[in-house]
Amino acid sequence: MINTKLIFKILGALLNIEAAFMALCLIVSLFARENDLVPLAITVGVTVAVALLFRLLGRGASNTLSRRDAYLLVTVVWIAFAAFGSLPFLLGGYINNVSDAFFETMSGLTTTGATTIDQVEGMPHGVLLWRSLTQWIGGLGIVFFTIAILPSFVGGSIKVFAAEATGPVQSKLQPRLTMSAKALWGLYLVLTVGCALCFFLFGMGAFDAVNYAMTITATGGFATHDASTGYFNNPAIDYTAIIFMFFSGVSFAMLYAALFKGRVKHLLKNAEFRFYSALTLVATVIIVAFLLRYNDYSFSDAVRVSLFQVVSFLTTTGMFNEDAAQWHHITWVVLSLCMFFGGCAGSTAGGFKCARGVIALKILRNEILHRLHPKAVLPVKVNGSTVHSSGQITLMAFLMVYFVLCFIAYFIMILVGVDSTNSFTIALSCASNVGPTLGLEIGPTMSWSILPGFVKWILSALMLMGRLEIFTVLVIFTPAFWKNN
Amino acid sequence: MKVIIVGADAIGAHLAELFSKIKQNIVIIDEDEAKLEHIASYCDLLTIKSSSNTPIKSFRDAGVKNADLFISVKRDENLNLSLCVLAKSMGAKQTVARVENPEFTEPQITDAFNRAGISSIIYPDDLAAQDIVSCLQLSWVSQRWDVYDGALTMLGIKMKEPCEVLSRPLKEICNSETPYHVIAIKRGTDTIIPTGNDMLLPNDYVYFMTTKEFIPEMKKIVGKEDYPDVKNVIIVGGGKTAVRVVNRMPKEVKVKIFEANTARCEELNEVIDRDGVMVINADGRSVANLLEENIRQADALVALTGNAEANILTCMTAHELGVRKTVAMIENMDYMSIAGNAEIGTIINKQALTASYIYQLLLKGDVRNIRNLLMVNADVAEFKAREGSRITSKRVCDLNLSRQIELGGLVRDGVGMLVNGNTQIQPGDNVVVFCQDTNISQIEKIFN
């Protein structure tokens, strides 16, 4: 049955890592001399204590992690991280109820970036850094977890599970598992540091630069200003953000090969990357056209804000430099479509993933061709390798579950009285880990604090499922999971 | 010259027959005694029965030590490769291995094979595919043979009304200015090497020699202007040859492959790596299936199933349905003449192609290229005229060449030109010779 001891053991080790990150914020707080010193210190203490308790409980665990254990572990780790991560907000009184605090942290760890804090700017630096750090940890968390942490605790038999949990449709398409954790984190660090340096050069303060860089490379979207990057009103910063968001949405394995091994051609020929780029381009052109037609924008501004918004939604970052609520409604449809597709598989982005998008569209094309040529055997080929019918069914099942979950969330929000556009985009935003919503009641630039408490719990669950590719979490709720067979 | 052939299947048997006709010293080795007996019944050669655990003994018996050419054409490509390496190390001068894998024909790989002792690699499916693709490009031609990279071309064409050159003596329609040269005529079962008094008649199968720039004009002369360029091809039978054909086909040509076996359909999708190909899981022999996939819109149908009868009938059906160009692959030599008389555009025989290719290796280095013309049971070959050879001594009409030899054209400094009686062949010219019932080695003498 479930290897509880091992789960405790691993959980204990991981909570220690979380505590280490919290300690980093504590140091910042020490220098800033603000009122978050005590809450952070208590949090670190509690987390370390619980971590030690867990390690104690997990003593002498056998090192065999079954498939079930792995599914359970991933979900439990995420929930535990969110629970302990919400302590600083609660203890410091920056968020005054548990639902909001948990939602905020879960939104961070899943790199969603939806916030319940109405006024970010007044908050102390230590807590702000912690808020950004949750996203940075969450960005590559699942990858790091499956390829670096788990193998160190158990044998190498975890690959099967990792292939499912990390999002790729077919492990063959995604060479990412063969990449070492070191290379992956190296690239992540290079992107973050590069982004921070660029921001710093273009006139951002050091603290802001680091925060924005972390949330952008994690495609999270938490900002240290209420107006997000719009606060700076600086095209150089906007374009830096666009470039780094775009690259964070590309498969890290391919990006690594292109940047450090010079295999740029390989990247440019990749079907997923092409789809991702084409989507960016088409969506931008449409929005630019609408902005020029219905809003008073100069051409350069229209290009800048629409590109920013498209890349932000497509990579599921959710930063904004302009209030998209003021735009024509059709632009919302385009942005919703971007939210749905998300970035490339194997990146920090969420969503349905462009790889799945490419395959789903090919399946659709084949179905139509099949009407004309009933006896044709039509392959679904992506980058030269065939996606077999079992893989196609899994993908369609994923698509269906994705929509069913969105629909349930939509339904519940309609019940509690949120307006229709908002309900729809909130559901999509959570399932794809984007962050902002589009609509009349809650605009993309506003916080979600007015939503009722229990809706936030539901949305937290939706975000977690979205981040962990749905099935990983869903399987735990099936009776078969708990049966002894 | 001593030739050892391993494998008495279709290709091996055909080779044995070909070589024994030109009085070579042939040894054929196989495990199947029945096959050996069958070959020995109509060819003059030595047969050796081997068993898989005594290959060395059978090699020694065959005299591999002083063999000039060792050919391994068994079905197992790995066995062929290793047997060639073995034969080379035991003293065979030249070795040829048959393979089934496109990777093995890559230049670097063949170099590596050379170093290991395998002189040549033959890939029958690919040879057939080259031929099929080249004749689909000229849909109005039954057979096409390019000499010297296309400077000269020999075209085999089935004559049909209306056509301006039919039923008139050749001396009326041809002069030294005409852009073509009629080399041979196949009428019924006879092969005619024409003189000025002969005429071309409807249903004749005529071999023309022409140069590259006159190919469009030839299309007009033989009255085949209404033949379309091939853009849509239907292939029936998704075997290895079909895969090679598809991979060699120009990118703009759309292909549909009919394959009855579902598992093979999936495999085809795996191995075919290009757009514009659709695999249809249906029996291509059924008219209903062909109609469902719009056969009337297809420009060409290529029948490549393993069954010669089915291929012939499918092509005839397609012709009835209005497909202008049909290609049938035929494994059985006995059907060649029937197929030739039926309404089939081009007939492809893998064994014959392979045999021609190997035949070329057997001849001295001066023969660049040779092709066995199955329809007329004759060979065309390209010879290089040597300094002081008989062929360069006089004008062609004064040479008193045998009636069975016809000079088609020559390539001088890379430029193709036709040969007539007044032509003086110069040393260094590459001359195309058509010869019927003649030992190639006799022709070699004229050129040396």
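Cut-offs applied
- Residues numbered from 1 in each chain as written.
- Chains lettered and ligands numbered in written order.
- Predicted model: local features only at pLDDT ≥ 70, side-chain atom pairs only at ≥ 80, totals over all residues.
- Helix = DSSP H or I, 4+ residues; strand = E, 2+ residues; numbered from the N terminus.
- Rg over C-alpha atoms; globule rule 2.2 N^0.38 Å.
- Contact = placed C-beta atoms within 7 Å.
- Buried ≥ 20, exposed ≤ 12 C-beta atoms within 10 Å, placed from the backbone.
- Nonpolar A, V, L, I, M, F, W, Y, C, P; charged D, E, K, R; others polar.
- Pairing = 2+ DSSP bridges.
- Axes fitted to C-alpha atoms, helices over the stretch in contact; angles between N-to-C directions.
- Expected span 1.5 Å × (residues − 1).
- Domains from an automatic or database assignment.
- Core = buried A, V, L, I, M, F, W, Y, C linked by C-beta atoms within 7 Å.
- Parallel < 35°, antiparallel > 145°, perpendicular 65-115°, else oblique.
- Left-handed = near helix turned anticlockwise from the far one by under 90°.

Caption draft 1: Examining the overall build of chain A more closely. For chain A, the helix and strand inventory stands at 21 helices and three strands. Computed over the C-alpha atoms, the radius of gyration of chain A is 22 Å, within 12% of the 23 Å expected from 2.2 N^0.38 for a compact globule of 485 residues. Taken along its principal axes, the extent of the C-alpha atoms in chain A is 65 × 60 × 50 Å. Taking the contacts inside chain A whose residues are at least 6 apart along the sequence as the reference set, 72% of them involve residues at least 24 apart.

Caption draft 2: Spatial organisation of the overall build of chain B. Each helix and strand counted, chain B has 15 helices and 22 strands in total. For chain B, whose C-alpha radius of gyration is 23 Å, the value lies close to the compact-globule estimate of 22 Å for 448 residues. Across its three principal axes, chain B shows a C-alpha extent of roughly 65 × 65 × 40 Å. Looking at chain B as a whole, 44% of its 448 residues qualify as buried. Expressed as a percentage of contacts within chain B between residues at least 6 apart in sequence, the contacts between residues at least 24 apart total 62%.

Caption draft 3: Highlighting the interface of chain B and chain A. Taken residue by residue, the interface counts 12 residues in chain B and seven residues in chain A. Only α10 (262-271) and β14 (277-280) of chain B provide two or more residues apiece to the side of chain B that touches chain A. It is α10(B) that contributes the most residues to the side of chain B that touches chain A, four residues altogether. For the side of chain B that touches chain A, the class distribution of residues is five nonpolar, three polar and four charged.

Caption draft 4: Spatial organisation of the sheet that holds strand β8 (residues 152-158) of chain B. Residues and elements named next belong to chain B. Reading across from one edge, β7-β8-β11-β9-β10 is the order of the five strands in this open sheet, with antiparallel pairing throughout. The open sheet terminates on both sides in strands that have one partner only, identified here as β7 (143-147) and β10 (190-192). For this sheet, the mean inter-axis angle between neighbouring strands, taken without regard to orientation, is 15°. In this structure, β7 lies alongside β8, joined through five bridges in antiparallel fashion.

Caption draft 5: Looking closely at helix α6 (residues 124-137) of chain B. All names here are of chain B. A rise of 1.5 Å per residue sets the reference length of α6, with its 14 residues, at 20 Å; its end C-alpha atoms lie 20 Å apart and thus fit the reference within 8%. With respect to burial, α6 is a largely interior element, 10 of its 14 residues being buried. Those residues of α6 that fall on the buried side of the exposure criterion are Pro124, Asp125, Asp126, Ala128, Ala129, Asp131, Ile132, Val133, Cys135 and Leu136.

Caption draft 6: Up close: the pairing of strand β21 (residues 415-418) of chain B. Residues and elements named next belong to chain B. In β21, alternate side chains face the same way, and those of Gly416 and Leu418 are buried while those of Val415 and Met417 on the opposite face are not. Summarising the sheet, strand β20 (residues 405-412) and β21 pair through four bridges and their orientation is antiparallel. Bridge assignment links glycine 409 to a residue of β21, and that residue is leucine 418. Once β20 ends, the chain turns through two residues before running back antiparallel as β21, passing aspartate 413 with a positive phi of about 55°.

Caption draft 7: Spotlight on unusual backbone geometry. Within the chain, A:Lys353 stands out as a residue other than glycine whose phi angle is a positive 85°. Secondary-structure assignment places A:Lys353 in the loop between α15 (329-341) and α16 (354-372).

Caption draft 8: Layout of the domain arrangement of chain B. For chain B, the domain assignment lists domain 1 (2-122), domain 2 (152-221), domain 3 (232-323) and domain 4 (368-447). For domain 1 of chain B versus domain 3 of chain B, the separation of C-alpha centres amounts to 33 Å.

Caption draft 9: Examining the pairing of strand β11 (residues 205-211) of chain B more closely. Residue and element names in this part refer to chain B. Among the seven residues of β11, seven are classified as buried, and the element is accordingly described as predominantly covered. Along β11, one buried face is formed by Tyr205, Tyr207, Met209 and Thr211 and the opposite face, lined by Val206, Phe208 and Thr210, is buried too. With six bridges connecting them, strand β9 (residues 180-187) and β11 associate as antiparallel partners. Within β11, the position partnered with isoleucine 185 by the bridge is valine 206.

Caption draft 10: Layout of the nonpolar core. Core analysis: the biggest nonpolar cluster contains 141 residues, and A:Ala213, A:Cys338 and A:Ala427 have the highest contact counts within it. The leading source of residues in this core is helix α1 (residues 4-32) of chain A, at 11 residues. Summarising the domain contributions, this core has at least three residues from each of domain 1 (1-156 + 447-469) and domain 2 (167-407) of chain A. Not counting chain neighbours up to four residues away, the residues in contact with A:Cys338 comprise A:Leu279, A:Ala283, A:Val310, A:Phe313 and A:Leu314. Of all hydrophobic cores here, the second largest spans 136 residues; its members include B:Ala8, B:Phe113, B:Val222 and B:Ala303.

Caption draft 11: Spotlight on the environment of A:Arg467. Residue and element names in this part refer to chain A. Turning to its location among the elements, arginine 467 is positioned in helix α19 (residues 453-467). Spatially, the C-alpha atom of arginine 467 lies 8.2 Å from that of glycine 351, the residues being 116 residues apart in sequence. Once you skip the residues sitting within four places of it in the chain, arginine 467 turns out to touch Thr110, Gly350 and Asn433.

Caption draft 12: Here's a closer look at the domain arrangement of chain A. Residues and elements named next belong to chain A. Parsing chain A into structural domains produces domain 1 (1-156 + 447-469) and domain 2 (167-407). Distance between the C-alpha centres of domain 1 and domain 2: 25 Å. Domain 1 puts 27 residues into the contact, and the matching count from domain 2 is 25 residues. When contributions to the side of domain 1 that touches domain 2 are tallied by element, the ones reaching two or more residues are α6 (125-153) and α19. For the side of domain 1 that touches domain 2, the leading source of residues is α6, giving 15 residues. When its residues are assigned to classes, the side of domain 1 that touches domain 2 shows 12 nonpolar, 11 polar and four charged.

Caption draft 13: A look at the packing of α15(A) against helix α18 (residues 420-431) of chain A. All names here are of chain A. Viewed as axis vectors pointing N to C, α15 and α18 meet at an angle of 30°, and their least axial separation amounts to 8 Å. One finds that α15 runs roughly parallel with respect to α18. The two elements α15 and α18 cross, and the hand of that crossing is left-handed. Facing Ser336, Met339 and Phe340 of α15, the residues of α18 in contact are Thr425, Leu428 and Ser429. Classifying every residue of the contact of α15 with α18 by side-chain character gives three nonpolar, three polar and no charged.

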